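Summary of structural features
Listed below, chain by chain, are the residues.
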Protein chains: 2
Amino acid sequence: MEVITSLQNARVKKWTALHTKKGRDETGLFLVEGEHLIQEALKAGILETLITDSDNPFEFENVIQVTPEIMKKISQNVSAVHLIGVCRQKEQKTGMISRVILLDGVQDPGNLGTMIRTAVSFGFDAVYCSDDTCDLYNDKVIRSTQGALFHIPVIRGSLPGIIEDLRKDDFRIIATTLEHSKTMSEIENTGKLGFVFGNEGKGVRKEIQLDADERLRIEMEGFESLNVAVAAGIVMYHYQRKS
Amino acid sequence: MEVITSLQNARVKKWTALHTKKGRDETGLFLVEGEHLIQEALKAGILETLITDSDNPFEFENVIQVTPEIMKKISQNVSAVHLIGVCRQKEQKTGMISRVILLDGVQDPGNLGTMIRTAVSFGFDAVYCSDDTCDLYNDKVIRSTQGALFHIPVIRGSLPGIIEDLRKDDFRIIATTLEHSKTMSEIENTGKLGFVFGNEGKGVRKEIQLDADERLRIEMEGFESLNVAVAAGIVMYHYQRKS
């Protein structure tokens, strides 16, 4: 097993660079911390290197032993962590798909992670994120996905372009909004469907609402306000592919 | 307008004591920060005192001017806040009710707040929290409710006792769990219903699962794991009172 003891080691610097979006984009790598997420990354076949300052509980060969000081430097957690995995970002290919969600400027990492987790649970095929949606490989996002991140393509880009491409592939685009909208019982669960969820404060951008094939709301009493991850959960539950 | 300039002032000490559960329980008061939540508290008629180190944007008389240093001491936010409201906890009475949720050891303040917000949106009548559910007047809970906290009774206590009382009032208790459970299409939306949601890691306690009148699961593909607030959202959407 390789051992690193110097904080100045080039690999330590490479790993800490993964704290930034730039560092992750340039290398195609990201960090996960803690036994549970590393186990999930291992199962998904994307674990590249395991860094530890104690023991390795996994059947995995590429382990590097470091000092607690180095561990602390690489970790993004406040409390001490003893296992960090360096993972390869999934290749973002999509094959035959018929249920997707599009996120328009979701800001909260917990909401993004929860929506990815829900999308996997309900058999959705992909998650598209607008450029201003929060960074995917943020530690809080990864924790909120509970490992689901490694089981679905998550694609970042400009939503209008993504919507154009989806339409060429016969998708209907359904924007969630309270205005001029239909209820779930009024929009059929057939064909290829792409659901757009918006920013926590502002909702889906006006242009996308207007351009969408349908506008969808969730029926409810009085207090017309749901957390976006809850709203997405209700919609994805309802519009699962019929088996 | 009253002005306080000393950090040693007795009222400043009384307000900072509201950072602890003990302080809130003894006084029946709690703090909210920021214009939006104070507006909601004002609407709900529970604002007692407004503390500010700048201007008062509200039509509200009982305002106390303090120094930025005092503000910083009373605030639970890291960044500077210019408005803090001292609020009265709602009297936790319940009248004729037919849809409630029970939370068994929910730990994440964001999840608790989101579930309260969802319960109000779907016209639920009350939220019962087990003694080991996270503290209601935690700043993160209050923020996640987006003001909904002031529109529903949230009652803390021992769940077995609460369940006994609800049953005397003809409630059926439905525990959410994957084991030995029915789907939503198999459990009718009639009568008085109380849904139990569990701890993020461990789910609903075994005793409560076994004691429940029904066990409910959410149908989904492969990855059988939903965030508890998302699961609660799907169940509350489905079991809204029929109008």
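This structure is a prediction, so every number in the text was calculated from the model and none was measured.

1. Quick look at the sheet that holds strand 3 (residues 47–52) of chain B
By way of backbone hydrogen bonds, the strands of a sheet pair with one another, either parallel or antiparallel. Residues and elements named next belong to chain B. Ordered in space as 1-4-3-5-2, the five strands form an open sheet in which the pairing is mixed. In this open sheet, the two edge strands, each paired with only one partner strand, are strand 1 (2–4) and strand 2 (29–33). For this sheet, the mean angle separating the axes of adjacent strands, direction not counted, is 25 degrees. In this fold helix 3 (residues 35–43) packs onto strand 2, strand 3 and strand 5 (83–88), with an angle of close to 30 degrees to the strand it touches most, strand 5.

2. Thoughts on the environment of Gly 201 of chain B
All names here are of chain B. You can see Gly 201 is positioned in the loop between strand 10 (192–198) and helix 8 (206–211). The exposure class of Gly 201 is exposed, given its relative accessible area of 71%. When the C-alpha positions of Gly 201 and Ala 119 are compared, they lie 22 Å apart, and in sequence the two are 82 residues distant.

3. Details of the pairing of strand 3 (residues 47–52) of chain A
Residue and element names in this part refer to chain A. Of all the six residues making up strand 3, five are buried; the element is thus mostly covered by neighbouring parts of the structure. The sheet contact formed by strand 3 and strand 5 (residues 83–88) spans five bridges and is antiparallel. Looking at strand 5, one finds that Thr 49 is bridged to Val 86.

4. Side note on the packing of helix 5 (residues 109–121) of chain B against helix 9 (residues 228–238) of chain B
Residue and element names in this part refer to chain B. Axis separation between helix 5 and helix 9 bottoms out at 9 Å; the angle between their running directions is 10 degrees. Here helix 5 is positioned roughly parallel relative to helix 9, judged by the angle of their axes. When helix 5 is examined against helix 9, the residues Asn 111, Thr 114, Met 115, Thr 118 and Ala 119 are found in contact with a partner set consisting of Val 228, Ala 229, Ala 232, Gly 233 and Met 236. Counted by class, the contact of helix 5 with helix 9 contains six nonpolar, four polar and no charged residues.

5. Brief notes about the relation of the copies chain A and chain B
Note on the copies: chain A fits chain B at an RMSD of 0.1 Å, the axial shift is 0.1 Å, and the rotation between them is 180 degrees. The superposition operator between the copies reduces to a two-fold rotation axis. Same-surface contact between copies: 100% of interface residues of chain A are shared with the interface of chain B.

Cut-offs used in this document
- Residues numbered from 1 in each chain as written.
- Chains lettered and ligands numbered in written order.
- Predicted model: local features only at pLDDT ≥ 70, side-chain atom pairs only at ≥ 80, totals over all residues.
- Heavy atoms only, no water.
- Pairing = 2+ DSSP bridges.
- Helix = DSSP H or I, 4+ residues; strand = E, 2+ residues; numbered from the N terminus.
- Axes fitted to C-alpha atoms, helices over the stretch in contact; angles between N-to-C directions.
- Contact = heavy atoms within 4.5 Å.
- Buried < 20%, exposed > 50% of the residue type's maximum accessible area, 1.4 Å probe, protein only.
- Parallel < 35°, antiparallel > 145°, perpendicular 65-115°, else oblique.
- Nonpolar A, V, L, I, M, F, W, Y, C, P; charged D, E, K, R; others polar.
- Least-squares fit on C-alpha atoms with pLDDT ≥ 70 in both.

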